[in-house]
Amino acid sequence: MISLDAFLELETEAVALAVKAKKSPVCAFPINGTRRWFKLEHPNRFDNGLANDYLEIMWREHMRAYKLLFDHGIGTILTPMIGPDIFERDENYQKLLVPGMLWLAESLESIQFFEKHQIRVRFYGDLVRCFGQDSYERVTQSFKRLTELTAVHTGPLLLVGLCASDPSESVAQFGIEHFQTHQSPPTKREIVQAYYGEYIESVDFFIGFDRLSSFDMPLIATGHEDLYFMVAPSLYIDQHLIRTILFDHLFSRTVSEQYLPDESPKNFMEQFYRLNRHSVIGLGRRSQDGSFWYPLPQVQLPANL
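Residues numbered from 1 in each chain as written. Predicted model: local features only at pLDDT ≥ 70, side-chain atom pairs only at ≥ 80, totals over all residues. Heavy atoms only, no water.

S.K.: What's the story with the packing of aromatic side chains in this structure? I'm lost.
M.R.: To describe a pair of aromatic rings, you give the distance between the ring centres and the angle between the ring planes. In the structure shown here, the tally under the stated rule is 16 aromatic pairs. Pairing F38 with Y54 gives two aromatic rings, centres 5.0 Å apart and planes at 80°, and the pair type is edge-to-face. A residue pair is termed long-range when its members are at least 10 positions apart, and F38 in helix α3 (residues 34–41) and Y54 in helix α4 (residues 54–71) qualify at 16 residues. Across the pair, Y54 and F38 agree in class, each one buried. Geometrically, the ring pair formed by Y195 and Y196 is edge-to-face, given 5.0 Å between the ring centres and 80° between the ring planes. On the basis of relative accessibility, which here comes to 1%, the residue Y196 falls in the buried class. Taken together, the ring pairs connect F7, F247 and F251 into an aromatic cluster. Positioned above the aromatic ring of Y199 is the side chain of R189, whose terminal nitrogen or guanidinium carbon lies 3.8 Å from the ring centre. (Phe/Tyr/Trp six-rings, centres within 6.5 Å; stacked < 30°, edge-to-face > 60°. Helix = DSSP H or I, 4+ residues; strand = E, 2+ residues; numbered from the N terminus. Buried < 20%, exposed > 50% of the residue type's maximum accessible area, 1.4 Å probe, protein only. Lys NZ or Arg CZ within 6 Å of the ring centre and 35° of its normal.)

Structure (structure tokens):
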């Protein structure tokens, strides 16, 4: 097996081939912590209302991150963007909601990006059921046009999640309509295809940020996806980070679970678990000012390693 150091030094095309050799994976990548990222990277432009160019700068970083993942062999990205929790945010953030979605769907820079890299774009979830029809009619029409515009592209797929936490009502409605038409219940494949606009394979791995929770992968999260969580905001993803994730996903998590008898007191498994019997991945603390949560280091390695 190739080492991590060697994997990190490969040409990007070689990494993509290694990824696609097993399966061109489906990656869930909700981009969070954008205001924290903006405050750190553009401190002179940050205020409570955020700068006028916040959306433009943020979306350029989104596109950089998407291209990075696609270049490394990812075939499909699910990127949940908004949900009902938006109402829990401050008013200045809520004001960015519609302009942000329209920038994605209508800006020349965005459309040129999807065209250049032949990216197909689809939207999933239930924006209208969540927020109502009247306020978002232009948004939903723009999403429809972007989906149609990019449908002819031959490259990877970007799935943008909007209020996708609970598909129950959408699935129920589709099931009723399917039965009325075909006199039989739909298969899971038909349900997935109806919900996403095309059939999507199950999620292979999830890259989150902040508190450890996975979300907005309806119908295609099986419990077998590998979960990864960045410690810094999502927009800090770079080549080194995605390659360490891919190496772990492709090689490190494949284990034999065939335990050889070893009575030696230096047995690694025994030492490791005894050292970490009170360790819990996911524990963290609030910052002193209470503005964010951060994880605490947990794992101890045996001294003789």
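S.K.: Sorry if this is basic, but what is going on with the pattern of salt bridges here?
M.R.: Opposite charge on two side chains permits them to pair, given that their charged atoms come into close proximity. For the coordinates displayed, the defined rule picks out 14 salt bridges. A salt bridge links E56 to R60, with the nearest nitrogen and oxygen atoms 2.5 Å apart. Of this pair, E56 and R60 both sit in helix α4, four residues apart, which is roughly one turn of that helix. On the basis of relative accessibility, which here comes to 40%, the residue R60 falls in the partly exposed class. Linking E198 and R120 is a salt bridge whose minimum nitrogen-to-oxygen distance equals 2.7 Å. Here the residue E198 occupies a position in the loop between α11 (188–196) and β5 (205–209), and R120 occupies one in strand β3 (residues 120–125), the gap between them amounting to 78 residues. Several salt bridges share partner residues, and in doing so they unite R36, D210 and R211 into one network. (Salt bridge = Lys/Arg side-chain N within 4 Å of Asp/Glu carboxyl O.)

S.K.: What is the right way to look at a nonpolar patch on the surface in this model?
M.R.: Where nonpolar side chains cluster on the molecular surface, the patch consists of L212, F268, I281, V299 and L301 and spans about 490 Å² of accessible area. Topologically, L301 is positioned in the segment after β8 (293–295). (Patch = residues over 30% accessible without salt bridge, like charges linked within 9 Å, V, L, I, M, F, W, Y side chains within 5 Å. Areas by Shrake-Rupley, 256 points an atom, 1.4 Å probe, with all protein chains shown as cover.)

S.K.: Got a minute to help me understand helix α9 (residues 137–150) in this structure?
M.R.: Given 3.6 residues per helical turn, the α-helix brings residues three or four places apart onto the same face. In this model α9 runs 20 Å from its N-terminal to its C-terminal C-alpha over 14 residues, within 8% of the 20 Å that 1.5 Å per residue would give. Of all the residues in α9, the buried ones are V139, T140, S142, F143, L146, T147 and T150. One face of α9 carries all of its buried residues, which in axial projection span an arc of 160°. (Expected span 1.5 Å × (residues − 1). Arc of directions from axis to C-beta.)

S.K.: What's the story with the pairing of strand β4 (residues 157–162) in this structure? I'm lost.
M.R.: Within a regular strand, the side chains alternate between the two sheet faces. Counting buried positions along β4 yields six of six residues, so the element is predominantly enclosed. Both faces of β4 are covered, namely the face carrying L157, L159 and G161 and the face carrying L158, V160 and L162. Pairing geometry for strand β2 (residues 76–82) and β4, over six bridges, is parallel. The partner of L78 across the bridge, within β4, is L159. For β3 and β4, the ladder comprises six bridges, and the chain directions are parallel. Paired with R122 across the strands is L159, a residue of β4. (Pairing = 2+ DSSP bridges.)

S.K.: When you look at helix α12 (residues 239–252) in this model, what are you seeing that I'm missing?
M.R.: For α12, spanning 14 residues, the distance from its first C-alpha to its last is 18 Å, which sits close to the expected 20 Å at 1.5 Å a residue. Every buried residue belonging to α12 is among I242, R243, I245, L246, F247, H249, L250 and F251, and all of these are buried. Those residues of α12 that are buried lie in contact with α1 (4–9), α2 (12–22), α4, β5 and β6 (226–230). Looking at where α12 begins, the residue whose side-chain oxygen comes 3.4 Å from the main-chain nitrogen of H240 is D238. (Contact = heavy atoms within 4.5 Å. Polar contact = N/O pair within 3.5 Å; in protein donor to acceptor, adjacent residues only side chain to side chain.)

S.K.: Looking at this model, I keep getting lost on unusual backbone geometry. Mind explaining?
M.R.: Peptide bonds are, in most cases, trans, and in most cases residues other than glycine have a negative phi. In this model, D216 sits at a positive phi of 55°, which is unusual for a non-glycine residue. Unlike most non-glycine residues, L219 shows phi in positive territory, near 75°. Tracing the chain through its elements places L219 in the loop between β5 and β6.

S.K.: Explanation requested: the sheet that holds β3 in the structure shown.
M.R.: What links the strands of a sheet is backbone hydrogen bonding, and the strands pair in either a parallel or an antiparallel sense. The six strands lie next to each other as β3-β4-β2-β1-β5-β6, forming an open sheet whose pairing is parallel. Whereas interior strands pair on both sides, the edge strands pair on one side only; in this sheet they are β3 and β6. Mean inter-strand twist for the sheet, computed between neighbouring axes without regard to direction, equals 20°. Of the strands in this sheet, β2, β3 and β4 touch helix α6 (residues 97–106), which is tilted by about 155° from β2. Packing of α11 onto the sheet brings it into contact with β2, β3 and β4, and relative to β3 it is tilted by some 105°. (Axes fitted to C-alpha atoms, helices over the stretch in contact; angles between N-to-C directions.)

S.K.: In this structure, what is going on with the nonpolar core? I would like to understand it.
M.R.: Formed by 55 residues in total, the largest nonpolar core has its most connected members in F29 and I207. Take this core: its biggest share by element is eleven residues, from α4. Every residue in contact with I207, bar those within four places of it in the chain, is listed here: C27, A28, F29, P30, Y228, M230, I237, I242 and I245. The next biggest cluster of nonpolar side chains, apart from the first, holds 15 residues, and it includes V26, A28, L78 and F206. (Core = buried A, V, L, I, M, F, W, Y, C linked by side-chain atoms within 4.5 Å.)

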